[in-house]
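Residue-level listing of the chains:
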Amino acid sequence: MAMGTAGGGGGRSRRRGGRGKRGAMAEINVTPLVDVMLVLLIIFMVTAPLLSAGVPVDLPDSRAKALPQEQRQVTIAMTADGKTYLDAAEIAPGELADRLAGIAPGGDGKPPLVTLRADKALPYGDVMAVMGELNRAGFNSISLVTNGSVQAP
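Residues numbered from 1 in each chain as written. Predicted model: local features only at pLDDT ≥ 70, side-chain atom pairs only at ≥ 80, totals over all residues. Heavy atoms only, no water.

Concerning helix α3 (residues 124-136)
With 13 residues, α3 ought to run about 18 Å at 1.5 Å a step, and its terminal C-alpha atoms sit 18 Å apart, in line with that. Listed as buried for α3 are V127, V130, M131 and L134. On an axial view of α3, the arc spanned by its buried residues comes to 100 degrees, and they lie on one face. Buried residues in α3 make contact with β2 (73-78), α2 (96-101), β5 (113-118) and β6 (142-144). Two residues or fewer after α3 comes G138, characterised by a positive phi angle close to 100 degrees. (Helix = DSSP H or I, 4+ residues; strand = E, 2+ residues; numbered from the N terminus. Expected span 1.5 Å × (residues − 1). Buried < 20%, exposed > 50% of the residue type's maximum accessible area, 1.4 Å probe, protein only. Arc of directions from axis to C-beta. Contact = heavy atoms within 4.5 Å.)

Here it is, written out as structure tokens:
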């Protein structure tokens, strides 16, 4: 009774060159590439919401529901020390009206959505003065940004 070998061929080695070395692989190992891409995706998903809040402002608390984010919007931030920012660029006290007049309306002819981020330590009159300038410039849809809270203020 004879036993067959898988190698066959009378005991000769089937390796290249017979020296025991493997040949170079021609395929790319995709697993490390996918791992790196998934880590980058997670990093961008975590940091993307932080990029929209460019100026640090201590926002007041509110129980209002969050509004959906629109593509085209203008952000005005007012800090506790009285500085005003238009899309993360500081503007002089009397310059807001001129800068608002330079904002072009969208493709539908409507002005972009304005989000106002005002520090809770600011006097009410300062916030109303900026809202008045926005209204006079034709921005009638203004969203006030607050922190979410589960308790009534």
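After presenting the structure, the write-up continues.
Description of the nonpolar core
If you look at soluble globular proteins, the nonpolar side chains tend to sit buried side by side. Membership of the largest hydrophobic core comes to 16 residues, with the highest contact counts inside it found for I76, M78, L116, V127, V130 and L134. Of all the secondary structure elements, the ones that give two or more residues to this core are β2, α2, β5 and α3. Among the elements that make up this core, the one with the highest residue count is α3 (four residues). Aside from chain neighbours lying at most four places away, what touches L134 is I76, L100, V114, F139 and I142. (Core = buried A, V, L, I, M, F, W, Y, C linked by side-chain atoms within 4.5 Å.)

Looking at the sheet that holds β6
Read from one edge to the other, the open sheet built from five strands follows the order β4-β3-β2-β5-β6, with strand pairing classed as mixed. In this open sheet, the two strands that pair with only one neighbour each are β4 (89-91) and β6. Neighbouring strand axes in the sheet, compared pairwise and without regard to direction, differ in orientation by 30 degrees on average. Judged from the three bridges that link them, strand β3 (residues 84-86) and β4 form a sheet pairing that is antiparallel. If you follow L86 over to β4, its bridge partner there is A89. (Pairing = 2+ DSSP bridges. Axes fitted to C-alpha atoms, helices over the stretch in contact; angles between N-to-C directions.)

Here's the deal with the pairing of β2
Counting buried positions along β2 gives five out of six residues, so the element sits mostly inside the fold. Both β2 and β5 contribute to a ladder of six bridges, which runs parallel. By the bridge assignment, M78 is partnered in β5 with A118. Hairpin connection from β2 to β3: five residues lie between these consecutive antiparallel strands, with G82 at a positive phi of about 95 degrees.

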